[in-house]
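Commentary on secondary and tertiary structure
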Amino acid sequence: MLEKITGTFSSIVKTLSGNSKITEKNIEDTVEQIKMALLEADVNLRVVRRFVNSTIEEAKGEKVLKAVDPGQQFVKIIHDKIVSMLGDKKTDLALKGPDTQSVILLLGLQGAGKTTAAHKLAAKLKKDGRKPLLTACDLVRPAAVEQLSVLGQKIDVPVYKEEGAKDAVKVAKNAIEFAKKNGIDTVIIDTAGRLQIDEAMMKELVELKKKTDPVETILVADSMTGQNAVDIAKSFDEQLGITGVILTKFDSDARGGAALSLKTITGKPILFIGTGEKTDDFEQFHPDRIAGRILGMGDIVSLVEKAQETVDQEAAIKMQKKMARNEFTLQDMLEQFESVEKMGSVSKIVQMLPGMSNFDESMVDKAGIKHQKAIIQSMTYKERLNHLIIGPSRRKRIAKGSGTSVQEVNKLIKQFEKTKLTMKKLTRNRGMQAKMMQQMSGMDLSQLGNMQLPGGFHF
Ligand SMILES: Nc1nc2c(ncn2[C@@H]2O[C@H](COP(=O)(O)OP(=O)(O)OP(=O)(O)O)[C@@H](O)[C@H]2O)c(=O)[nH]1
Ligand SMILES: [Mg+2]
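A quick note: this is a predicted structure, and the numbers were derived from the prediction, not measured.

So, the site of ligand 1
- Residues in close proximity to ligand 1 total 20 residues, the closest being K114, T115, T116, D251 and E277.
- Take T116: an N or O atom from its side chain is 2.5 Å from an oxygen atom of ligand 1.
- The backbone of G276 places a nitrogen or oxygen atom 3.3 Å from an oxygen atom of ligand 1.
- Top element by residues in the shell around ligand 1 is helix α6 (residues 114–127). It accounts for 4 residues.

Regarding the UniProt feature "domain: SRP54-type proteins GTP-binding" (unreviewed entry) in the protein
- According to UniProt, the "domain: SRP54-type proteins GTP-binding" (unreviewed entry) feature falls on residues 269–282.
- Helix and strand shares over residues 269–282 are 0% and 43% respectively, and the end C-alpha atoms of the span are 16 Å apart.

Some thoughts on the sheet that holds strand β2 (residues 132–137)
- A sheet is described by the order of its strands in space; here 8 strands give the open sequence β3-β2-β4-β1-β5-β6-β7-β8, paired in mixed fashion. The open sheet has two edge strands, β3 (159–160) and β8 (282–284), and neither has a second partner.
- With respect to the sheet, helix α8 (residues 168–181) is in contact with β1 (102–107), β2, β3 and β4 (186–191), its orientation differing from that of β2 by roughly 160°.
- Running over the sheet, helix α11 (residues 257–266) touches β6 (244–248) and β7 (270–274) and is turned about 175° from β6.

Considering helix α3 (residues 45–60)
- Between its first and last C-alpha, α3 extends 22 Å over 16 residues, near the 22 Å set by a 1.5 Å rise per residue.
- Among the residues of α3, those classed as buried are V47, V48, F51, V52, T55 and A59. Around the axis of α3, the buried residues are gathered within 135° of arc, so they sit on the same side. Among the exposed residues of α3, those pointing more than 90 degrees away from its buried face are R49, R50, N53 and E57.
- In this structure, the buried residues of α3 make contact with α2 (24–40), α4 (62–65), α5 (70–86) and α11.

Some thoughts on the packing of α3 against α5
- Interhelical geometry of α3 versus α5 gives an angle of 150° and a closest axis separation of 10 Å. When the interaxial angle is binned, α3 and α5 end up roughly antiparallel. As α3 packs across α5, the resulting crossing turns out to be right-handed. On α5, the residues that touch V47, F51, S54, T55, E58 and A59 of α3 are F74, I77, I78, K81, I82 and M85.
- Across the contact of α3 with α5, the residue classes break down as 8 nonpolar, 2 polar and 2 charged.

Structural notes on the nonpolar core
- In terms of nonpolar packing, the biggest core is built from 74 residues, with F9, L38, I82, F236 and L247 touching the most fellow members.
- For this core, the element with the highest residue contribution is α5, accounting for 8 residues.
- Those residues in contact with F9, other than ones at most four positions away along the chain, are I34, A37, L38, I78, I82, I294 and L295.
- Ranked by size, the runner-up nonpolar core spans 22 residues in total, among them I104, A112, A118 and A123.

Comments concerning the environment of Q72
- Mapping Q72 onto the fold places it in helix α5.
- Along the backbone, Q72 and L16 are 56 residues apart, and their C-alpha atoms lie at a distance of 7.1 Å.

So, the pattern of salt bridges
- Applying the stated criterion across every chain, the model contains 19 salt bridges.
- E24 is the partner of K60 in a salt bridge, and the nearest nitrogen-oxygen pair spans 3.8 Å. In this pair, K60 is assigned in helix α3 and E24 in helix α2, connecting sequence segments 36 residues apart.
- Residue classification places K60 among the partly exposed positions, given a relative accessible area of 25%.

Overview of a nonpolar patch on the surface
- A contiguous nonpolar surface patch, about 250 Å² in accessible area, is contributed by M36, L39 and L45.
- By the secondary structure assignment, M36 is in helix α2.

Quick word on the side chain of T30
- The residue T30 is located in helix α2 in this model.
- Exposure remark for T30: the relative accessible area of 7% places this residue in the buried category.
- Setting aside chain neighbours within four positions, we find T30 in contact with I12, L16, F74 and I78.

Observations regarding the pairing of β1
- Of all 6 residues making up β1, 6 are buried, and the element is well covered by its neighbours.
- Burial of the side chains of β1 extends over both faces: S102, I104 and L106 are buried on one face and V103, L105 and L107 on the other.
- Bridge analysis of β1 against β4 gives 5 bridges, and the strand direction is parallel. Paired with V103 across the bridge in β4 is V187.
- For β1 and strand β5 (residues 216–222), the ladder comprises 4 bridges, and the chain directions are parallel. Looking at β5, one finds that L105 is bridged to T217.

The rules behind these values
Residues numbered from 1 in each chain as written. Chains lettered and ligands numbered in written order. Predicted model: local features only at pLDDT ≥ 70, side-chain atom pairs only at ≥ 80, totals over all residues. Heavy atoms only, no water. Near = heavy atom within 4 Å. Polar contact = N/O pair within 3.5 Å; in protein donor to acceptor, adjacent residues only side chain to side chain. Helix = DSSP H or I, 4+ residues; strand = E, 2+ residues; numbered from the N terminus. UniProt positions renumbered as here; feature names shortened; annotations may be inferred. Pairing = 2+ DSSP bridges. Contact = heavy atoms within 4.5 Å. Axes fitted to C-alpha atoms, helices over the stretch in contact; angles between N-to-C directions. Expected span 1.5 Å × (residues − 1). Buried < 20%, exposed > 50% of the residue type's maximum accessible area, 1.4 Å probe, protein only. Arc of directions from axis to C-beta. Parallel < 35°, antiparallel > 145°, perpendicular 65-115°, else oblique. Left-handed = near helix turned anticlockwise from the far one by under 90°. Nonpolar A, V, L, I, M, F, W, Y, C, P; charged D, E, K, R; others polar. Core = buried A, V, L, I, M, F, W, Y, C linked by side-chain atoms within 4.5 Å. Salt bridge = Lys/Arg side-chain N within 4 Å of Asp/Glu carboxyl O. Patch = residues over 30% accessible without salt bridge, like charges linked within 9 Å, V, L, I, M, F, W, Y side chains within 5 Å. Areas by Shrake-Rupley, 256 points an atom, 1.4 Å probe, with all protein chains shown as cover.

Laid out in structure tokens, this is it:
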């Protein structure tokens, strides 16, 4: 995700931050460097020009040259300009209250990721407490209806479809009726894509929009296509009127040209980004957070949110109480391993940390977690609740049962005892608990260096 542009920008920021003196020449050289980086990232020329002019003007003002920490001041200006390029503020969907049906129309070219985005959005809205309905209005591609059905089933969201239907507008209208009758508040419509914008598609979309009166008409565009995505957005907006964009395949986009140009060129906000093929690989677009990532400052807020989403809050509180009473058992440790596994691709989360954008999944010791889980799973429930009864012969049995060695079993029990002891000492410090969660995830912590994060969260 944005590896290329992040690499260039972080090194610029590093150099600047260390500079106690900034001259006009420094400013010009740096802006030139940034200009090249933006052009290489396929950012629209008009956007680049605007950035260059306004940054030079602002940086050469009194604020930077006479500041106590001119390097930091300059970095702040660059940061703010990038935030503004990305669209300033996050934009929420304009959904109506739960008593009326809000229609969200998704459109875009073939393979852009409409159907995938439809189900990701449905899952997100469901998590937010809404009642979504997916509507299969791609009647062009033969397997499209089936694809949406499968995805809807996966996330337990109803899918409205009509066998053998030919008229997308009719299906959409019937879906809204169905929603009204069944207490559904949000109707997400998946439409057919074409290789290029053509008349037949536009005609159908214009009609669909007219008849369904959507609160959001969202273009789904592939971020990897760079300026092409921006051109498509412009064209759709002119012919149909869009309210925003979902940028997909952001995970594979090293450059970020589309994200950095869209708002300035089209005036329409980026609402969400798709960051992978799975349901949860979907984030609301926060310009300030993305700017932080691009400048190599990390995205702590998203990191914490993601962790909060995946860790069961109630279970966490229960665990905390247990720790406080020194009741932490091997069974609890097993549950913690499981919750860490549930967090899915840890690498995606770690990538949001400052300076960790190059972290990849191979650095996470998944096999290690599996082994440790197997050891605890080979214990009886009684043993899990009281590790003191696990003598040599039990250890031998557990090693055999888990396909590991007695040494490994010893190691795990030792680690458990150590954790229990540390937990007892530190139960009042939330930050330290988070650290322990990380340690138990089997991550190779040496990779993380000496990072200090807010709230005493220290690797
Ligand atoms: N890596 C990655 N892949 C994605 C993302 N979004 C979609 N894809 C993949 O892109 C391919 C096309 O996605 P679809 O959702 O079927 O695209 P579509 O726009 O509905 O395509 P048509 O219905 O044929 O017009 C699939 O293989 C998806 O898994 C994303 O954010 N990241
Ligand atoms: Mg589709």
